[in-house]
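Here are the chains, one letter per residue:
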Amino acid sequence: QVRLVESGGGLVQPGGSLRLSCAASGSIFAINAMGWYRQAPGNQRELVATITNRGGTNYADSVKGRFTISRDNAKNTVYLQMDSLKPEDTAVYFCTANLQTTPYFTTRKDYWGQGTQVTVSS
């Protein structure tokens, strides 16, 4: 049983910083990619950043230059360092992972965390 748990959200003033963490646990053979999505009230969920098993990264245009995604493979953990935060960054941030529970490709599946609230306000 795979579980993803996010942490690190909170209230911060514009221009401030937060670091989100997401730890994956359970029966995991290999993680192909991990990432962060966010959803503000009344809006659709949108991609924020992803990181592949090779370390390649991808960012939404709205966060490029301000957010940095990284990982600790030994801990099956992904991080999102958020700097120069803006009020429009306010949302629930969700962690996602594409992983395999066995060496076989047929067990590859997407998993999601329950989210952590980030509020940017003065």
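Our structure's up above, just so we're on the same page.
Basis of the calculations
- Position labels on residues start from 1 in each chain and follow its written sequence.
- Whole-chain, interface and lining totals are the exception, using all residues; otherwise, since this is a predicted model, local features are given only for residues with pLDDT of at least 70 and side-chain atom pairs are given and counted only at 80 or more.
- Processing note: side-chain calculations cover all non-hydrogen atoms of the structure and skip hydrogens and water entirely.
- Pairing between two strands is assigned when DSSP locates at least 2 bridges connecting them.
- Each helix is a run of H or I in the DSSP string that is no shorter than four residues. Each strand is a run of E no shorter than two, and both are numbered from the N terminus.
- To obtain an axis, a line is fitted to C-alpha atoms, over the contacting stretch when the element is a helix, and the angle between two such axes runs from 0 to 180 degrees between their N-to-C directions.
- Whenever a pair of cysteine sulfur atoms sits within 2.5 Å, that pair is classed as a disulfide.

Novice: Just to check I follow, could you spell out the sheet that holds strand 7 (residues 67–72) for this structure?
Specialist: Hydrogen bonds between backbone atoms are what pair the strands of a sheet, whose relative direction is either parallel or antiparallel. Strands sit in the order 1-3-8-7 across an open sheet of four strands; the sheet is antiparallel. In this open sheet, the two edge strands, each paired with only one partner strand, are strand 1 (3–7) and strand 7. Geometrically, the sheet is characterised by an average inter-axis angle of 15° between neighbouring strands, direction not taken into account. Examined bridge by bridge, strand 1 and strand 3 (residues 18–25) share five bridges and lie antiparallel to one another. When the sheet's bridge partners are listed, serine 7 is paired in strand 3 with serine 21.

Novice: Please clarify how the state of the cysteines should be interpreted in this entry.
Specialist: Every disulfide links exactly two cysteines, by a covalent bond between their sulfur atoms. Inspection of the entire model under this criterion finds one disulfide. The residue that forms a disulfide with cysteine 22 is cysteine 95, at a sulfur-sulfur distance of 2.0 Å. On the sign convention where negative is left-handed, the bridge of cysteine 22 and cysteine 95, at about -80° about the S-S bond, is left-handed. Taken together, the residues cysteine 22 in strand 3 and cysteine 95 in strand 9 (residues 91–100) connect sequence positions 73 residues apart.

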